[in-house]
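Coordinate analysis (summary)
In case you want the letters, here they are:
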Amino acid sequence: MRKLLFVIGLGLSLPLAAQGSLAPADYANRQLEDAGQEARAAALMEELRCLVCQGQSIADSDADMAGDMRHLVRERIQRGESPAEIRDYLIERYGEWVSYRPAPERPIFWPLYLAPVLLLLIAGWMVRRRFRRPRP
Amino acid sequence: MVRRFLPLLLLLSFVGIAIWALTAEREEQVRSKLVGQPVPAFALEPAIEGKPGLSSADLAQSEGPRLVNIFASWCLPCKAEAPLLDALAGEGVPIDGIAVRDRPSDILAFLDEHGDPFERLGNDPRSEAMIALGASGVPETFIVDGRGVIRYHHQGPLMPADLPALRAAWEEAR
């Protein structure tokens, strides 16, 4: 029994050993005192990609690096930086990829914004044809 | 005739795109976009006693290119690349280090065990310098030229197979 517990404990401890043992940064898991600032930081954190766990946002991830990125976001918001400035700071380093929100001013994302409009137009055209048919 | 096969064609093109998207090779790692640009401002306290810390100013006024190695004592691949860094330091390549989310005692133990190739060693407990440089993990290695411009970025442990590319970039950065 004791041996089994040891093995289970070992299994649980390994993933921890893969990251640092320092305590998380101040604002990694603590909200900003100002509710308005925290809301802005939280909204931004939902839209930033965690770099080590790639499918998650930094708001969702438990990785140390995501904690440090949350700290960075909250600290810069507290210093008065706008969410757009922080997003740009990270995009400058990691590319558009780090942001989950496609920037409308970049031509590469235009198809993404145009597709729904285009599909609606096509659908409207198809429906119109269908309504017209039984008449003659 | 065309109308009849249109749905099939649509389906086939969809399947084709899906297969292409699933099998095409793609870059899984996030490379720093800062290659070719000056090192962003950062200033790190010394990570251990007796060795100076590291700041972007140190890199901007150096006599030639330097390697900047981002590592941590808790990082396994960093142990794998340590012998190569030691060998490079032995050749006279100046190497500076940034220790990410690390403790002085752990760093000292790491350097004792795996050798100490670093001239300067900055402590980066909140990954700030790491993020400023556009690195997304440990270990990563940059070549910064004498004017403080980032010239090369390598992600993951430096292995003997990476040396030709590293040396070529080094010669270019001179």
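Residues numbered from 1 in each chain as written. Chains lettered and ligands numbered in written order. Predicted model: local features only at pLDDT ≥ 70, side-chain atom pairs only at ≥ 80, totals over all residues.

**Details of the overall build of chain B**
Along the backbone of chain B there are six helices and seven strands. When the helices and strands of chain B are listed from N to C terminus, the series reads α-β-β-α-β-α-β-α-β-α-β-β-α. The C-alpha atoms of chain B give a radius of gyration of 21 Å, which is well past the 16 Å a tight globule of 174 residues would have. With 174 residues in all, chain B has 37% of them scored as buried. Within chain B, counting contacts between residues at least 6 apart in sequence, those at least 24 apart form 75% of the total. (Helix = DSSP H or I, 4+ residues; strand = E, 2+ residues; numbered from the N terminus. Rg over C-alpha atoms; globule rule 2.2 N^0.38 Å. Buried ≥ 20, exposed ≤ 12 C-beta atoms within 10 Å, placed from the backbone. Contact = placed C-beta atoms within 7 Å.)

**Some points on the overall build of chain A**
Helix and strand content of chain A: five helices and zero strands. Each helix and strand of chain A, ordered N terminal to C terminal, gives the series α-α-α-α-α. Looking at chain A as a whole, 21% of its 136 residues are labelled buried. Intrachain contacts of chain A at a sequence separation of at least 6 include 51% that bridge at least 24 residues.

**Topic: the nonpolar core**
Nonpolar side chains tend to gather and get buried jointly when the protein is soluble and globular. Residues A:Met69, A:Val73, B:Ala72, B:Ile98, B:Ala99 and B:Met130 are the most contacted members of the largest nonpolar core, which totals 55 residues. Counting residues per element, this core draws most heavily on helix 3 (residues 64-78) of chain A, which supplies six residues. (Core = buried A, V, L, I, M, F, W, Y, C linked by C-beta atoms within 7 Å.)

**With respect to the environment of B:Ile95**
All names here are of chain B. Note that Ile-95 resides in strand 4 (residues 95-100). Distance from Ile-95 to Glu-119, taken between C-alpha atoms, is 6.0 Å for residues 24 residues apart in sequence. Excluding residues that lie within four positions of it along the chain, Ile-95 makes contacts with Arg-66, Leu-67, Asn-69, Leu-85, Leu-88, Ala-89, Pro-117, Phe-118 and Glu-119.

**Quick look at the UniProt feature "transmembrane region" (unreviewed entry) in chain A**
Here the UniProt-annotated "transmembrane region" (unreviewed entry) positions come out as residues 108-127 of chain A. Helix and strand shares over residues 108-127 of chain A are 90% and 0% respectively, and the end C-alpha atoms of the span are 31 Å apart. (UniProt positions renumbered as here; feature names shortened; annotations may be inferred.)

**Section: the sheet that holds strand 4 of chain B**
All names here are of chain B. Ordered by their spatial adjacency, five strands build an open sheet running 5-4-3-6-7, and the pairing between neighbours is mixed. The open sheet terminates on both sides in strands that have one partner only, identified here as strand 5 (118-124) and strand 7 (150-155). Shown here is a sheet whose adjacent strand axes are inclined to one another by a mean of 20°, direction ignored. In this structure, strand 3 (residues 66-71) lies alongside strand 6 (residues 140-144), joined through five bridges in antiparallel fashion. Paired with Ile-70 across the bridge in strand 6 is Glu-140. Strands strand 6 and strand 7 of the sheet are contacted by helix 6 (residues 163-173), whose axis makes an angle of about 165° with strand 7. (Pairing = 2+ DSSP bridges. Axes fitted to C-alpha atoms, helices over the stretch in contact; angles between N-to-C directions.)

**Regarding the environment of B:Ser73**
All names here are of chain B. With respect to the helices and strands, Ser-73 occurs in the loop between strand 3 and helix 3 (76-90). Separated by 96 residues in the primary sequence, Ser-73 and Ala-169 have C-alpha atoms spaced 27 Å apart. Setting aside chain neighbours within four positions, we find Ser-73 in contact with Asp-102, Asp-106, Ile-107, Ala-109 and Phe-110.

**Some remarks on the packing of helix 2 (residues 35-46) of chain A against helix 3 of chain A**
Residues and elements named next belong to chain A. Two elements in contact, helix 2 and helix 3, have axes separated by 9 Å at closest approach and are oriented at 140°. For helix 2 against helix 3, the interelement crossing comes out right-handed. Of helix 3, the residues touching helix 2 (which contributes Gln-37, Arg-40, Ala-41, Leu-44 and Met-45) are Arg-70, Val-73, Arg-74, Ile-77 and Gln-78. Residues belonging to the contact of helix 2 with helix 3 are distributed by class as follows: five nonpolar, two polar and three charged. (Left-handed = near helix turned anticlockwise from the far one by under 90°. Nonpolar A, V, L, I, M, F, W, Y, C, P; charged D, E, K, R; others polar.)

**Let's talk about the interface of chain A and chain B**
Chain A puts 18 residues into the contact, and the matching count from chain B is 17 residues. When contributions to the side of chain A that touches chain B are tallied by element, the ones reaching two or more residues are helix 3 and helix 4 (83-94) of chain A. Sort the elements by how many residues they give to the side of chain A that touches chain B and helix 3 of chain A lands first, with six residues. For the side of chain A that touches chain B, the class distribution of residues is nine nonpolar, five polar and four charged.

**With respect to the domain arrangement of chain A**
Each assigned domain of chain A is listed with its residue range as follows: domain 1 (20-101) and domain 2 (104-136). A C-alpha centroid distance of 37 Å is found between domain 1 of chain A and domain 2 of chain A. (Domains from an automatic or database assignment.)

**Details of the confidence of the model for chain A**
Confidence along chain A averages 85 in pLDDT terms, with 82% of residues attaining 70 or more. Helix 1 (residues 2-17) of chain A is the least confidently modelled element of chain A, averaging 56 in pLDDT, while helix 2 of chain A averages 95, the highest of any element. (pLDDT = per-residue confidence, 0-100.)

**Quick notes on the pairing of strand 6 of chain B**
Residue and element names in this part refer to chain B. Along strand 6, five of the five residues are buried, which leaves the element largely enclosed by surrounding structure. Judged by which residues are buried, strand 6 turns out to be covered on both faces: Glu-140, Phe-142 and Val-144 on one side and Thr-141 and Ile-143 on the other are all buried. Pairing geometry for strand 6 and strand 7, over five bridges, is antiparallel. Along strand 7, the bridge assignment pairs Glu-140 with Gln-155. Where strand 6 folds back onto strand 7 in an antiparallel hairpin, the turn is made up of five residues, including Gly-148, whose phi is positive at roughly 85°.

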